[in-house]
Each structure stands twice: as structure tokens, then as C-alpha cells.
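# Analysis of the macromolecular model
So you can see what is in the structure, the chains are spelled out below.
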Amino acid sequence: HPFSLKEIDFADKKIPEYSDSPPELIFNKKGKSVKDLLKFGGFPEPFLSGSERTLQRWHQERFERIMREDIRDYERIHSLSQIEILAEIIPSKVGSPLSINSLINDLQASHKTIKSWLEILSRNYYIFSVSPYSKKISRAIKKEKKYYLWDWSEIKDEGMKYENMIAVHLLKYCNYFQEAHGKKVNLHYLRDRDKREVDFVITWDENPWIFVECKYSYKSTHRPLKYFAERFNVSNRFIVTASERHDFVDKRNKIRVIPASKFLASLI
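Here's a quick rundown of the structure. Please read all numbers here as calculations on a predicted model, not as lab measurements.

### Concerning the pairing of strand β8 (residues 255-259)
Burial of β8 is extensive: 5 of the 5 residues sit out of reach of the surface. Across the two faces of β8 the burial is the same, with Ile255, Val257 and Pro259 and Arg256 and Ile258 all buried. Across 4 bridges, the pairing between strand β6 (residues 236-241) and β8 is parallel. Of the residues in β8, the one forming a bridge with phenylalanine 238 is arginine 256. A loop of 4 residues connects strand β7 (residues 248-250) with β8, the two strands running antiparallel in sequence, and lysine 254 in this loop sits at a positive phi of about 60°.

Quick look at the structure:
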């Protein structure tokens, strides 16, 4: 995993102890490096340099290394150039369910082939997927995954980049419980046929535990978040915003609006 906000800003990296029950999220600290982390990503070389020139060089070298060394040397493929095109397309698709059918004409490849290319990019740590949560919801969309980059600094759109950074932190949080404690803690998103959507759902033993909606600039409470949180009886419902000006609980729907500097500092 790349650096997280907690790793960067706090010497005391106390992590949750083992428990059969989901731990309580405690927001008693605020990180200072959110803006730098968003801009430079979580990989050590570009982040620690604080240099835009180093960041651009890092992007080029990492892309070349993944495509021309890792994938070419270890994967049985014949269409490296098309995989490169797919990798260049994905940053503009972050945050939305990726329709493989929409890529068929662009890449001149079959659905099965494009799906296999996405798996190759995932195995080589260029992207990771977030699946829709669908248990006990009859009208859920079960087909398309969302894809995010491990290095979110490659993304041009600030809102997409921000959501991607949150996704990496949440995935790391889930992976901690999976690997350290053997718990079934997974990251999903939630969307129904009426197009109500919540950006992220963390499940504990396959049951919704935490709902997170990302807002680069906060304006108003998110109605789908309230709808799904009440439907699944989830009390951990958050709108995580890049702004430091909004930190409160909306008493009408019990949604905590919280700066990313506080929310991410409570994770791993």
C-alpha cells in the first residue's frame, strides 16, 4: 500500500486490536498532509520530494516499468499497446462503474479480452476494483465494478483524484482486518436501479458497517446516503469532505460531515 495520512503525520501509529465486533471510529486527531498527499500521491519518492518535476518523472517511469517490464515479461499477452491504451483510459473513468461494453469499440477487443486485461493491470498493481454490494437488496445492480488507481496523483480531475485517495485508504483499512485478524471486512460501493448511489460501503462479516460519501466540495447532505443507511440500519454514515470548514453531525439524518484530515487519521 502507498503511504496513508496516519503513517505520514503521526508517530503513534496505534492500530485497532483484535475484536469479534467492529471497532468504534475515534476522531480525536487531525492530519496536516492531506493536500500534499492528494497532489503527490502516497508513493515515497514523489511524496517525499515535494517536487512536481519528480512527480511527472515518476509517472512516466512507473508506467513504463509496469507496461514494458512487469507485464511484458511476466504475462502471456500479444497486445501490449492496447493494454497501454486501456491504462490511459481508466483515470478518466475513476469513480463510476466501468462499462466494459463501452470499451469494445475503442480497443477493438472482445468483452472477455478486455476483462482479462483489467485483471492483468490489477495483478500488476496499476489498478484495483471495487465491487457493488448487493446482499439482500433485490434491485441492486450487480454487474459493473469501479476501478481505481494505486497512484491517484495520475488523475487530472481533482474530484476524481480525491475520491481515489479515499478509496485507497479504505482499502488499506479493510486489508488490515483481513490480513491481521482474518476478518471478512471488504470494500464495496452501493447503487440501485433508481440510480441512488453511495461511493463506499465497508462490510463486516458481509453486513454493511460504514457508509462513506466523498465530497471534494461540500454543499448539502446526500439523500441516497440517508436512504441506504436507514434501510440497512447503519449508524456509521459519513460525508468526507476536502474542506476543513465542515465538521458537524446533521441531526436530521444522523450523517457526520467530516474533513478528510480527521476521517483518514482515524484509519490505518
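### Comments concerning the packing of aromatic side chains
Within this structure, the stated rule accounts for 21 aromatic pairs. With 6.4 Å between their ring centres and 85° between their planes, phenylalanine 211 and phenylalanine 232 make a pair best called edge-to-face. One end of the pair, phenylalanine 211, is in strand β5 (residues 207-215); the other, phenylalanine 232, is in the loop between α9 (223-231) and β6, with 21 residues separating them in the sequence. Accessibility assignment for this pair places phenylalanine 211 and phenylalanine 232 in one class, buried. An aromatic cluster of three or more residues is present, and its members are Tyr125, Phe128, Tyr148, Trp150 and Phe200. Its guanidinium or amino end placed over the ring of tyrosine 189, lysine 146 lies 4.6 Å from that ring's centre, counting from NZ or CZ.

### Quick word on helix α5 (residues 80-89)
Residues of α5 that are buried include every one of Leu80, Ile83, Glu84, Leu86, Ala87 and Ile89, and no others. Check the buried side of α5 and you find it contacts α4 (52-74), α6 (104-107) and α7 (111-123).

So, how was this worked out
- Residues numbered from 1 in each chain as written.
- Predicted model: local features only at pLDDT ≥ 70, side-chain atom pairs only at ≥ 80, totals over all residues.
- Heavy atoms only, no water.
- Buried < 20%, exposed > 50% of the residue type's maximum accessible area, 1.4 Å probe, protein only.
- Helix = DSSP H or I, 4+ residues; strand = E, 2+ residues; numbered from the N terminus.
- Pairing = 2+ DSSP bridges.
- Phe/Tyr/Trp six-rings, centres within 6.5 Å; stacked < 30°, edge-to-face > 60°.
- Lys NZ or Arg CZ within 6 Å of the ring centre and 35° of its normal.
- Contact = heavy atoms within 4.5 Å.

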